[in-house]
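The chain contents come next:
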Amino acid sequence: MASRLGELVGALAERLEVALEGDPEMLIEAVAPLDSAGPHHLSFLKSARHRRAAAASAAGALIVPQDADAEALGGKDRPLLRTPEPAVALAFALELLHPAPRYVPGIDARAAVAEGTNIAPSAHVGALAVVGAGSSVGARSAVLPTAVIGAGCILGEGVVVHPHAVLYDGVRLGDGVIVHAGAVVGADGFGYATDRRGQHHKIPQVGSVVVEDGVEIGALSAVDRGAFEATRIGAGTKVDNLVQVGHNVDVGRHCLLCGQAGVAGSSRLGDGVVLAGQAGVVDHVEIGDRTLVGAASAVLGSHPQGGQRLSGYPARNHAEWRREVVSVSQLTALKRRLKAAERALEALSPHQDSSSSASLSDTEDGSK
Amino acid sequence: MASRLGELVGALAERLEVALEGDPEMLIEAVAPLDSAGPHHLSFLKSARHRRAAAASAAGALIVPQDADAEALGGKDRPLLRTPEPAVALAFALELLHPAPRYVPGIDARAAVAEGTNIAPSAHVGALAVVGAGSSVGARSAVLPTAVIGAGCILGEGVVVHPHAVLYDGVRLGDGVIVHAGAVVGADGFGYATDRRGQHHKIPQVGSVVVEDGVEIGALSAVDRGAFEATRIGAGTKVDNLVQVGHNVDVGRHCLLCGQAGVAGSSRLGDGVVLAGQAGVVDHVEIGDRTLVGAASAVLGSHPQGGQRLSGYPARNHAEWRREVVSVSQLTALKRRLKAAERALEALSPHQDSSSSASLSDTEDGSK
Amino acid sequence: MASRLGELVGALAERLEVALEGDPEMLIEAVAPLDSAGPHHLSFLKSARHRRAAAASAAGALIVPQDADAEALGGKDRPLLRTPEPAVALAFALELLHPAPRYVPGIDARAAVAEGTNIAPSAHVGALAVVGAGSSVGARSAVLPTAVIGAGCILGEGVVVHPHAVLYDGVRLGDGVIVHAGAVVGADGFGYATDRRGQHHKIPQVGSVVVEDGVEIGALSAVDRGAFEATRIGAGTKVDNLVQVGHNVDVGRHCLLCGQAGVAGSSRLGDGVVLAGQAGVVDHVEIGDRTLVGAASAVLGSHPQGGQRLSGYPARNHAEWRREVVSVSQLTALKRRLKAAERALEALSPHQDSSSSASLSDTEDGSK
């Protein structure tokens, strides 16, 4: 997946808008990690911790943090691309040197495209893909083989919908949205009216889903349509694989929802919220901007204040949670100390009825 | 997704079998929530809590609870549909005013339908769908584009199988079953025989899956086939997205399995059981009727008594769990109090060897 | 799904390489569990616990553990297949008597196969399947209807890719690999560079996925491609449904990843590791060989030592975790005892300022 030709490191630095130290004429063909990079590879040093690996690396050039010490990286003859944001430079370098595949404009004859669609001439619709009536696909977008676009959907420009992804009717995807294989956007929300006999009657879900510009939705993730209005995924938010987003949920901008995270119906996430892997948020709660929810933690109530780190079950302040985990691990010792104190007390007060106290502690101390 | 014509509110009340107060001639075109409803919309008041929003709403008519105070809802000139079960009336009103799409009877020429199938004339098989040999599809059922029905499957009447859903061979779906996009019913259960060298030998899974009448299976959920007999999903049960149901599981009737919940192999859920989002049930256990398992809780043993609310890890009585969460949050204070008591004891018993007690607490109190 | 003809029990014992006691001429048509087996069925006794059910069973022959007491199993006239590994014998017997369907060699005319592929003459490519440019499919492998194989993939011999499974470009599957319906192998890892304004820039994922021989990947599971090098699933490892394996993860050989388990990016699992259902492993950690992680447990750090059983949140030594669960359940009683001790102390030291102590405990004891 490397590019064929490569790029001179001087031109590369200009395109990345970073400072270059060293020979601008060196040819760079690909990006590679420190340990596998060769003389025509660009590699990267995300932090000073990897200094030794960088010094030992055969990489032809390095992206380094602003304050990196050139001497410690193995000498001056290797071009350095210096930047305060090395990870961002790395992302752009990869984009330049490992360009994503271009999809041939046009509609494959084996696709099932309904009448009354509006597909841009520069867009690609692959073999065995489905596009429903009234849907529009913007310029340079790609509906890859076997992807299914329902009726009345609107796809912006530069969208990629991977194989076996499904958009139900009426879903809107902004510009640059990527939907990975198997993801399902716009399935019915989980809404039922339960009658007196305990039977569940489906509440038809007549809302929609709005996925804003620059969102990426991982493989096999599900974003349900709203009950009445729209479920929203804010611009720039990235959703990993196997994530569940319930109906009426409002996810802010630039959030990260990691693998297997879930947000139940009608909850609202602010901007820049991070849900680590397997984290869950119950329904009808509010999570403030830039809240970080730890892996496998369960948010059981609103945390609107923002900027907090939450962990545990139920998710609470991370530092408190850590203290509690330590405290719980000390409980056996704590119980021992309490028993010792009780015995000392008994010794001090010989007139007390010691049998009842002893039976209490014996009965309830099941861990023996 | 609203209907074209609408319905007079008097006729609507009759069809919903609820009492009408007010002008039966008002035309209702759609259902909408209180804050966005207009004069030709029917809206709803699930509980007295939304009284003010109802009074402020421009909705033309309202579904209200039996005991709703008409005065508090903004005056008498607005038709009220009074019922002890407003959510159920809402579900039915939506069904009437926002009818689901009708699928054109017939088999699309681009579908891959094997020989020897039995597809009702009123059924729909969409473009690029697959129906395997010996399968039957009942009246008014729809196999939507790209859905895959294996060999020897039996689909009842009024079934809808959404795009990219897959039924493996021999799966049975009762009447009115809905299978959402990407769901997989009947994949092999996770069964292996591990030999002395630690290698896992696949145990062929020769059972099946029976999905009873009225079940809805959410997007990207998996229901495995039984090892020998059938995995069963009881009538009227609703399964949300990304739910896992292992082999040989028996799910009762009218259960709710919320998003990302999981039930491991051979476990039995009674009727009316609710698993909240991300809840899990281990293998080979029994959960009694109407048990409610809280979000992200893990049921690690049998709870056959029924009617209980379970929470936590391991899931236990909800009230106990709540008490424990509070107790754990008090542990720092508890440790402080214990230390104070120990010091007071030492002060009272100057003859004791205080060094051992002090070292014990210092060593084990790692939270400092 | 039973075979048509069956097999004589003597021949069967030979093929299973187990000892036979009894009449070798009995005809066996299928395998069935003890309670539903008939006179021409082979059944099995995994442990002595099922002795009574075995005695009562109508099964024509039994697979039994090495030390099974023939008398206790209901008499000597029933052929017994005696083996130290009855579950392994059962797996092989099922394979012989319930053979998996054979897929017809050849490429269905409705498949979308790119130019420049290398598909073995004995391989099967089903209707509406997709095979991308430059991919090869080995002998006796099956790409079932609607499965999608990207460009440049290499499938070994005897591979089965079920409907709606998707391999992205460049994925390698070893011999005998099974990929179940809807699974996605090789989607982009979840890698972004976040700039100073909190915007996430996609780091193109240019690595691949290597799935070694004998691996089975369950329905709707996702294995992401590496950022630079390959994500690896070691030989003989079995992955259940809805499992997430992040980019750069290295899973050892003969592991079991049960339903809804997840492994975050760059973590390494040794050989023979078991993740029970819904268990999670955070990123960049190491799990030693033969570690067993309990259901819904969250591994938040490295546990390289191996052979351990881990449970809880965070996952820790299983016995410790159990002790802590018991201790936490005793906290109410513990608090009561501490308060009693404090009162006794106050009674012993009448000169102390008792009000502050009382207010402390009252304030912090919120569980009342």
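For clarity, every value in this text was computed on a predicted model and none was experimentally measured.

Undergrad: Sorry if this is basic, but what is going on with the pairing of strand β6 (residues 61-65) of chain B here?
TA: Every other side chain in a regular strand lies on the same face of the sheet, so the side chains alternate between the two faces. Residue and element names in this part refer to chain B. Within β6, five of the five residues are buried, which leaves it mostly tucked inside the rest of the structure. Burial of the side chains of β6 extends over both faces: A61, I63 and P65 are buried on one face and L62 and V64 on the other. One ladder, built from three bridges, connects strand β5 (residues 41-44) with β6; its direction is parallel. Considered in β6, the bridge of L42 is made with A61. Handedness of the crossover joining β5 and β6 through helix α2 (residues 51-56) is recorded here as right-handed.

Undergrad: What is the right way to look at the relation of the copies chain C and chain A in this model?
TA: Relating the two copies of this chain is a rotation about some axis coupled with a shift parallel to it. Laying chain C over chain A is done by rotating through 120° and shifting 0.0 Å along the axis; what remains is an RMSD of 0.1 Å. One copy is carried onto the other by what is essentially a three-fold rotation axis. Taken together, the interface assignments show that only 19% of the residues at the interface of chain C recur at the interface of chain A, consistent with different surfaces on the two copies.

Undergrad: Would you mind going over the packing of aromatic side chains with me for this structure?
TA: Aromatic ring pairs are defined here through the distance separating the ring centres and the angle between the ring planes. This structure, assessed with the given rule, holds nine aromatic pairs over all chains. Summarising the aromatic geometry, the rings of F228 of chain A and F44 of chain B are spaced 5.4 Å apart at their centres and angled 25° between planes, so their arrangement reads as stacked. You can see F228 of chain A sitting in the loop between β26 (222-223) and β27 (230-233) and its partner F44 of chain B sitting in strand β5, one on each of two chains. The two residues F228 of chain A and F44 of chain B agree in class, both being buried. On the numbers, 5.6 Å between centres and 45° between planes, the contact of W321 of chain A with Y313 of chain C is tilted. Residue W321 of chain A is located in helix α4 (residues 318-329), and its partner Y313 of chain C is located in the loop between β39 (309-311) and β40 (316-317); the two belong to separate chains.

Undergrad: Teacher, can you tell me more about the interface of chain C and chain B here?
TA: Put simply, an interface is often sized by how much accessible area is lost when its parts join up. Contact residues are listed per partner, giving 69 residues for chain C and 67 residues for chain B. Between chain C and chain B the total buried area reaches about 5200 Å² when both faces are included, carbon and sulfur atoms providing 68% of it. E342 of chain C is paired through a salt bridge with R337 of chain B; the nearest N and O atoms lie 2.8 Å apart. Secondary structure elements with two or more residues in the side of chain C that touches chain B: α3 (86-97), β28 (238-239), β31 (256-257), α4 (318-329), α5 (331-348) and α6 (354-364) of chain C. Counting residues per element, the side of chain C that touches chain B draws most heavily on α5 of chain C, which supplies eight residues. Here the side of chain C that touches chain B is built from residues that sort into 36 nonpolar, 21 polar and twelve charged.

Undergrad: Is there a simple way to explain the pairing of strand β24 (residues 208-211) of chain B in this structure?
TA: All names here are of chain B. For strand β19 (residues 172-173) and β24, the ladder comprises two bridges, and the chain directions are parallel. Among the inter-strand pairings, L173 is bridged to a residue of β24, identified as V211. Sheet analysis places β24 next to strand β27 (residues 230-233), joined by four bridges and oriented parallel. From the neighbouring strand, S208 faces β27, where its bridge partner is A230.

Undergrad: Help me understand unusual backbone geometry in this model?
TA: Excluding glycine, residues mostly carry a negative phi; peptide bonds, for their part, are mostly trans. With an omega dihedral of -5°, the bond running from Y313 of chain A to P314 of chain A counts as a cis peptide bond. A positive phi is found at L220 of chain B, a non-glycine position, where the angle reads about 65°. Inspection of the secondary structure puts L220 of chain B in the loop between β25 (216-217) and β26 (222-223). On the accessibility criterion, L220 of chain B (1% relative accessible area) is buried.

Undergrad: Explain the sheet that holds strand β24 (residues 208-211) of chain A here, please?
TA: Strand-to-strand pairing in sheets goes through backbone hydrogen bonds, with the strands running parallel or antiparallel. All names here are of chain A. Strand order across the open sheet formed by nine strands is β10-β13-β16-β19-β24-β27-β30-β33-β36, with parallel pairing between neighbours. Among the strands making up the open sheet, the edge pair consists of β10 (118-119) and β36 (286-287). When strand β33 (residues 268-269) meets β36, the two strands line up parallel, connected through two bridges. Directly across from L269, in β36, lies its bridge partner I287.

Conventions used here
- The residue count restarts for each chain, going from 1 along the sequence in the order it is written.
- Going through the entries in the order they are written, you letter the chains from A and number the ligands from 1.
- Only residues with pLDDT of at least 70 get local features here, since the model is predicted, and only at 80 or more are side-chain atom pairs given and counted; chain-wide, interface and lining totals rely on the full set of residues.
- With hydrogens and water set aside, each side-chain value is computed from the structure's full complement of heavy atoms.
- When a residue's accessible area, from a 1.4 Å probe over protein chains only, is under 20% of the maximum for its type it is buried; when over 50% it is exposed; and in between it is partly exposed.
- Put simply, DSSP H or I for four residues or longer makes a helix, DSSP E for two residues or longer makes a strand, and each gets a number counted from the N terminus.
- The rule for pairing is simple: two strands pair if DSSP sees at least two bridges between them.
- When the strands point away from the viewer, a crossover counts as right-handed if the path from the first strand over the helix to the second runs clockwise.
- The copies were overlaid with a least-squares fit restricted to C-alpha atoms from residues scoring a pLDDT of at least 70 in each copy.
- Whether two residues are in contact is decided by their heavy atoms, any of which lying within 4.5 Å being enough.
- Two rings belonging to Phe, Tyr or Trp (six-membered ring only in the last case) form a pair when the distance between their centres is within 6.5 Å. Interplanar angles under 30 degrees mark stacking, angles over 60 mark edge-to-face geometry, and anything in between is tilted.
- A simple way to read buried area is as the amount of 1.4 Å-probe accessible surface that goes missing from two parts once joined, with both sides added.
- Basic side-chain nitrogens of Lys or Arg form a salt bridge, by our definition, when they fall within 4 Å of a carboxyl oxygen of Asp or Glu.
- Note on residue classes: Ala, Val, Leu, Ile, Met, Phe, Trp, Tyr, Cys and Pro are nonpolar, Asp, Glu, Lys and Arg are charged, and everything else, Gly too, is polar.

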